[in-house]
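Below are the chains, spelled out letter by letter.
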Amino acid sequence: MVVYGHTPVPEPEWLNRTINIDTGCVFGGKLTALRYPEGELVSVPAHRVYAVPARPLVIAQAVEPGLSAQQVHDHLLDISDVTGKRLIATRLHHTVTIREEHGIAALEVLSRFAANPKWLIYLPPTMSPPETTKQPGLLEHPAEAFGYFRHLGVPKVVCEEKHMGSRAVVIVCRDENVIRRRFGVVGEDTGICYTRTGRRFFDDPPVERELLGVVCGALDQAGFWEKLKTDWVCLDCELMPWSAKAQELIRQQYAAVGAAASAALPEAVEALQAASRRDIDVTALLERYQERRDFVTRFVESYRHYCWPVESVKDLKLAPFHVLATEGTVHADKDHLWHMQTLAEVAAADCGLLIATPHRVVDLTDPASEAQATGWWEELTASGGEGMVVKPLAFVAKGRRGLVQPAVKVRGREYLRIIYGPEYTQPDNLERLRQRGLSVKRSLALREFALGIEGLERFVRSEPLRRVHECVFGVLALESEPVDPRL
């Protein structure tokens, strides 16, 4: 940080961590001081004009009226800030290394497809599953997630229903002036909804505008702005149905498999049954193909559960689960119960789009508490739900070995059929899948989590966009690391 003077200016403004606090007291302006380390500015007006300036103190006209000098400077990002090997210092997880080849892939995405980078203050991290379970017929079970956190000294966790949709970051501002002042974005009147890769969620601007209007109205009705003393908010959400964003993926990858298998296997079963009626011994083969037919039926039912027609915003469901940041604060200092309760109040103020996330607090020192949460998971998955996410009660938890996983997803038997294929529950397949390794995935989740919080903290401190964007870019670059996408 550089603080300087000598050249009088009407108002002090930050620019790339430098600030001129000479506000021309001798010329009848103000006497300004910078309080360190808080970064607060304090000014008092001059009693009189002590000397007549050669040139009057006039506020310079920005390229865009209402933008700060830093925001004007941030109109253009320097490619050298994101190319080559990068070392990004974070408060939570020391230094995160971004390899050059991974940065190239991220640069391609951000430069061609991403939203205005001034909006991109956060990208959500990936999430690891638990160790594989030995429970018969299952790959994942809550017991392993509870055991992981208990082993690291976490006494309580929050279990949240895992909504099967698409991750969405929603930024809502009270009005256009807030957007201009805080984000440096001109010509937009509400905010943005973007994906976990930084792309606008909706191709149709009126749909996005309507969704953001509903969210803003619920925040108004819930008194959110007044309670948190803010005029903007960044929310981490899940937007449903899954098919709203993944329609092509479902059609090309899942529905194609389901359609082909649903057409072929019943005919194969009929042919084998006809052979059996002619006293040909095909009993074992027939049973095998009947089982495969049943597996495909379950596979199709699994992905169809997360698809429904969307004609308008009224057909969507938005489940916010983190209040990431508001003016002056990153809410990583609040526990997950605070986030759930705060957002439940907002959801209650809306009767259509917003939904509260069902959750349970689990005491890991109490077997009965664990058993109740496990029973709840069994109910969720038996009714077609994806499963649940297990998180430490504290938003940021540290154990004996440092930072603990911020979340562990425990997915149900039928949902995993979408991920691993119709026949993954066959004993041979299941045993092979139980050999999966989690160390790389968990390392990735911790690094991305640390970068996400770091980017938010830099934004809240009003650091230059390149500093915020460095963290966002880092999360996207890490997604290029070779990790099994099914985990």
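Residues numbered from 1 in each chain as written. Predicted model: local features only at pLDDT ≥ 70, side-chain atom pairs only at ≥ 80, totals over all residues. Heavy atoms only, no water.

### Concerning helix 5 (residues 205-221)
Right, on to step 1. For helix 5, which comprises 17 residues, the first-to-last C-alpha distance of 24 Å matches the rise-based estimate of 24 Å (1.5 Å per residue) to within 8%.
Right, on to step 2. Along helix 5, the residues that are buried comprise Glu-208, Leu-211, Leu-212, Val-215, Cys-216, Ala-218 and Leu-219. Looking straight down helix 5, one finds that the buried residues subtend no more than 160 degrees of arc, so they occupy a single side.
Right, on to step 3. Tucked into the core, helix 5 has its buried residues touching strand 9 (166-173), strand 10 (191-194), helix 6 (224-228), strand 11 (232-240), strand 12 (317-326) and helix 9 (336-348). (Helix = DSSP H or I, 4+ residues; strand = E, 2+ residues; numbered from the N terminus. Expected span 1.5 Å × (residues − 1). Buried < 20%, exposed > 50% of the residue type's maximum accessible area, 1.4 Å probe, protein only. Arc of directions from axis to C-beta. Contact = heavy atoms within 4.5 Å.)

### Things to note about the nonpolar core
Right, on to step 1. Residues Trp-119, Ile-121, Ile-171, Phe-183, Tyr-194 and Trp-232 are the most contacted members of the largest nonpolar core, which totals 49 residues.
Right, on to step 2. Among the elements that line this core, the one with the most residues is helix 13 (residues 439-460), at nine residues.
Right, on to step 3. Grouped together as the second largest cluster of nonpolar side chains are 29 residues, Val-172, Val-215, Leu-239 and Leu-316 included. (Core = buried A, V, L, I, M, F, W, Y, C linked by side-chain atoms within 4.5 Å.)

### A short note on the pattern of salt bridges
Right, on to step 1. Inspection of every chain in the model, using the stated rule, returns 36 salt bridges.
Right, on to step 2. One salt bridge in this structure joins Glu-140 and Arg-411, with 2.6 Å as the shortest N-O distance. Here Arg-411 lies in strand 18 (residues 408-411) and Glu-140 lies in the loop between helix 2 (100-112) and helix 3 (142-151), a separation of 271 residues in the sequence.
Right, on to step 3. Using a relative accessible area of 3% as the deciding quantity, one classes Arg-411 as buried.
Right, on to step 4. Here Arg-461 makes a salt bridge to Glu-463, at a shortest N to O gap of 2.8 Å.
Right, on to step 5. Residue class for Arg-461 comes out partly exposed when judged on its relative accessible area of 47%.
Right, on to step 6. Through salt bridges with shared partners, one network takes in Arg-86, Glu-454, Arg-458 and Glu-470. (Salt bridge = Lys/Arg side-chain N within 4 Å of Asp/Glu carboxyl O.)

### Digging into the sheet that holds strand 14 (residues 359-363)
Right, on to step 1. Strand order in this open sheet of four strands is 14-8-15-18, and the pairing throughout is antiparallel. Every other strand in the sheet has two partners, leaving strand 14 and strand 18 as the edge strands with one partner each. Each strand of the sheet is rotated relative to its neighbour by a mean of 25 degrees, with strand direction disregarded.
Right, on to step 2. Here five bridges tie strand 8 (residues 156-161) to strand 14, and the two strands are oriented antiparallel to one another. By the bridge assignment, Val-157 is partnered in strand 14 with Val-362.
Right, on to step 3. Strands in contact with helix 10 (residues 367-382) are strand 8, strand 14, strand 15 (387-392) and strand 18; relative to strand 14, the strand with the most contacts, it is inclined by about 150 degrees. (Pairing = 2+ DSSP bridges. Axes fitted to C-alpha atoms, helices over the stretch in contact; angles between N-to-C directions.)

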